[in-house]
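Overview (structure and organization)
Given next are the chains, with one letter for each unit.
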Amino acid sequence: MANILISPSKYVQGAGELKKLGTYAAAYGKHALILISEGGYRRIGEQIKESFQGTDCSIDFDYFNGECSKNEINRLTAQMEEKGCDLVIGIGGGKIFDTAKAAAYHKGTPVLICPTIASTDAPCSALSVIYTDEGVFEEYLFLPANPNLVLMDSEIIAKSPVRLTVAGMGDALATYFEARACQRSQAQSCAGGRTTEAAMALAELCYNTLISEGIKAKVALEAGACTEAVEKIIEANTLLSGIGFESAGLAGAHAIHNGLTVLEECHSMYHGEKVAFGTIAQLVLENVPLEELEEVIFFCIEAGLPVTMEELGVVELTDEKVLAVAKAACAENDTLHNMPFEVTAETAAAAIKAADAYGHYYKGK
């Protein structure tokens, strides 16, 4: 099996870059379908329209229905067909990106991704996470290519709710530990091969950036300031984590996240918040040294990421609920099997229960 690294064709990050979206888009197509939420359109719709003035690319807007499901993807591809679009642009958050990427894949068009938040590593990847219309994880759709362009306007992202950027740190937190597990097990990554040294270096840089800059960025964002620490965290959440997870691999943390989607109580939590707890559970599975476990737990507590099931919305934690999460995480097609040892539903359940207990223990100190 070859060592493989993949990445978006172009990554642009800086204040005010959304004002240039039309100029960027004109290099990829003549008629773009823009997938955006209604709220996103109200906030920045006029700015997006202005960016296309004087370009050779026309646009149509379409409001996202809220879930990256097969029905929503099919609806969007039908809209592209009806309107003759040769380009799709996803503007907003992770599920919008995944839907836009999947629709572009099915229609054979370029795709541009423009996050207004830094809450996941979805923007850079050649992957769409497919859910049911009710929000339960269904499958991964692996795509033949990464987005043509990822455009991060840090000025807009800095104005988004701080909780979203913190959730992005939770998603990025898993990157190095899952990459390390996949390297040890020689698992095949999302890129279709074994990890490269470059991907491992980016994954480790991602973790180190979170530890050194994460709390500084959170405090700055709470003050309404877009500082150098904020810029570094946007890059860590998006580019470093995106390349790191995709070219090095996913393992326990994301599988446990997927397992948590079977609990209705968790549906109000963001992807990265569930991944953060999944990271702690993975480290418990690996029985890592206490110092490493404590560093991750203390970071989560200080950042405001969940370290207990109660913080994920599960007020009454039962053995039945824990086992249901563990069984879903151990599904045949999920990434828990990329761990460098066998994981069963029973051992996964034990790790989840212990992770919850550690969270309560350290929260009480």
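Our subject in this report is the structure included herewith. (Residues numbered from 1 in each chain as written. Predicted model: local features only at pLDDT ≥ 70, side-chain atom pairs only at ≥ 80, totals over all residues. Heavy atoms only, no water.)

A short note on the environment of leucine 263
- Within the secondary structure layout, leucine 263 lies in the loop between α9 (252-260) and α10 (271-286).
- Exposure remark for leucine 263: the relative accessible area of 6% places this residue in the buried category.
- Not counting the four nearest positions on each side in its chain, leucine 263 is found in contact with Met309, Val314, Lys321 and Val325. (Helix = DSSP H or I, 4+ residues; strand = E, 2+ residues; numbered from the N terminus. Buried < 20%, exposed > 50% of the residue type's maximum accessible area, 1.4 Å probe, protein only. Contact = heavy atoms within 4.5 Å.)

Some words on the side chain of aspartate 121
- Along the chain, aspartate 121 falls in the loop between β5 (111-115) and β6 (127-131).
- Within the buried core, aspartate 121 has no salt-bridge partner, and the shortest N-O distance to an opposite charge, that of lysine 101, equals 8.0 Å.
- A distance of 2.8 Å separates polar atoms of two side chains, one belonging to aspartate 121 and the other to serine 241.
- Residues in contact with aspartate 121, not counting those within four places in the same chain, are Asp171, Thr175, Asn237, Thr238, Ser241, Gly242 and Phe245. (Lys, Arg positive; Asp, Glu negative; His and termini not counted. Salt bridge = Lys/Arg side-chain N within 4 Å of Asp/Glu carboxyl O. Polar contact = N/O pair within 3.5 Å; in protein donor to acceptor, adjacent residues only side chain to side chain.)

Section: the sheet that holds strand β2 (residues 31-36)
- The 6 strands lie next to each other as β1-β8-β5-β4-β2-β3, forming an open sheet whose pairing is parallel. Looking at strand neighbours, the two that pair on one side only are β1 (11-14) and β3 (58-63), the edges of this open sheet. Strand-to-strand twist of the sheet, defined as the mean angle between neighbouring strand axes without regard to direction, takes the value 15 degrees.
- Of the strand pairs in this sheet, strand β4 (residues 87-92) and β5 are connected by 5 bridges, and their pairing is parallel. Looking across to β5, one finds that isoleucine 89 is bridged to leucine 112.
- Relative to the sheet, helix α4 (residues 94-107) contacts β2, β4 and β5, its axis offset from that of β4 by approximately 175 degrees. (Pairing = 2+ DSSP bridges. Axes fitted to C-alpha atoms, helices over the stretch in contact; angles between N-to-C directions.)

Looking at helix α13 (residues 345-363)
- Here α13 is 19 residues long and its end C-alpha atoms lie 27 Å apart, about the 27 Å a rise of 1.5 Å per residue gives.
- Inspection of α13 places Ala345, Ala348, Ala349, Ala351, Ile352, Ala355, Asp356, Gly359 and Tyr362 among the buried residues, and these make up the whole buried set. For α13, the arc enclosing every buried residue in end-on projection is 165 degrees, short of the 170-degree limit, so these residues lie on one face.
- Tucked inside the fold, the buried residues of α13 contact α9, α10, α11 (290-303) and α12 (319-329). (Expected span 1.5 Å × (residues − 1). Arc of directions from axis to C-beta.)

Focus on the pattern of salt bridges
- A full pass over the atoms with the stated rule returns 18 salt bridges.
- With its nearest N and O atoms 3.3 Å apart, the salt bridge here joins glutamate 139 to lysine 70. Of this pair, glutamate 139 sits in strand β7 (residues 137-142) while lysine 70 is found in helix α3 (residues 70-83), placing the two residues 69 residues apart along the sequence.
- When its relative accessible area of 40% is taken as the criterion, lysine 70 is described as partly exposed.
- Among the charged side chains, a salt-bridge network with shared partners connects Asp62, Glu72 and Arg75.

Looking at the packing of helix α6 (residues 162-185) against helix α8 (residues 228-248)
- Running from N to C, α6 and α8 cross one another at 30 degrees; their axes reach a closest spacing of 9 Å. Judged by the inter-axis angle, α6 sits roughly parallel to α8. The interaxial crossing formed by α6 with α8 has left-handed handedness. Where α6 abuts α8, its residues Thr165, Gly168, Met169, Asp171, Ala172, Thr175, Ala179 and Cys182 lie against Ile233, Ala236, Asn237, Leu240, Ser241, Gly244, Phe245 and Ala248.
- Considered class by class, the residues forming the contact of α6 with α8 number 9 nonpolar, 6 polar and 1 charged. (Parallel < 35°, antiparallel > 145°, perpendicular 65-115°, else oblique. Left-handed = near helix turned anticlockwise from the far one by under 90°. Nonpolar A, V, L, I, M, F, W, Y, C, P; charged D, E, K, R; others polar.)

Considering the packing of α9 against α12
- One can describe the packing of α9 onto α12 by two numbers: an axis separation of 7 Å at closest approach and a directional angle of 125 degrees. The angle between α9 and α12 places the two elements in the oblique class. By crossing handedness, the relation of α9 to α12 is classed as right-handed. Contact residues: α9 offers Ala255, Ile256, Gly259 and Leu260, while α12 offers Val325, Ala328 and Ala329.

Examining the environment of alanine 223
- Within the secondary structure, alanine 223 is located in the loop between α7 (197-222) and α8.
- Each C-alpha atom, one on alanine 223 and one on valine 162, is 9.9 Å from the other, the two residues being 61 residues apart in sequence.

Remarks on the pairing of β6
- In terms of burial, β6 is largely enclosed, as 5 of its 5 residues are buried.
- On β6, burial covers both faces: Leu127, Val129 and Tyr131 on one face and Ser128 and Ile130 on the other are all buried.
- As defined by bridge partners, β6 adjoins β7 across 5 bridges and the pair is classed as antiparallel. Paired with tyrosine 131 across the two strands is phenylalanine 137, which belongs to β7.

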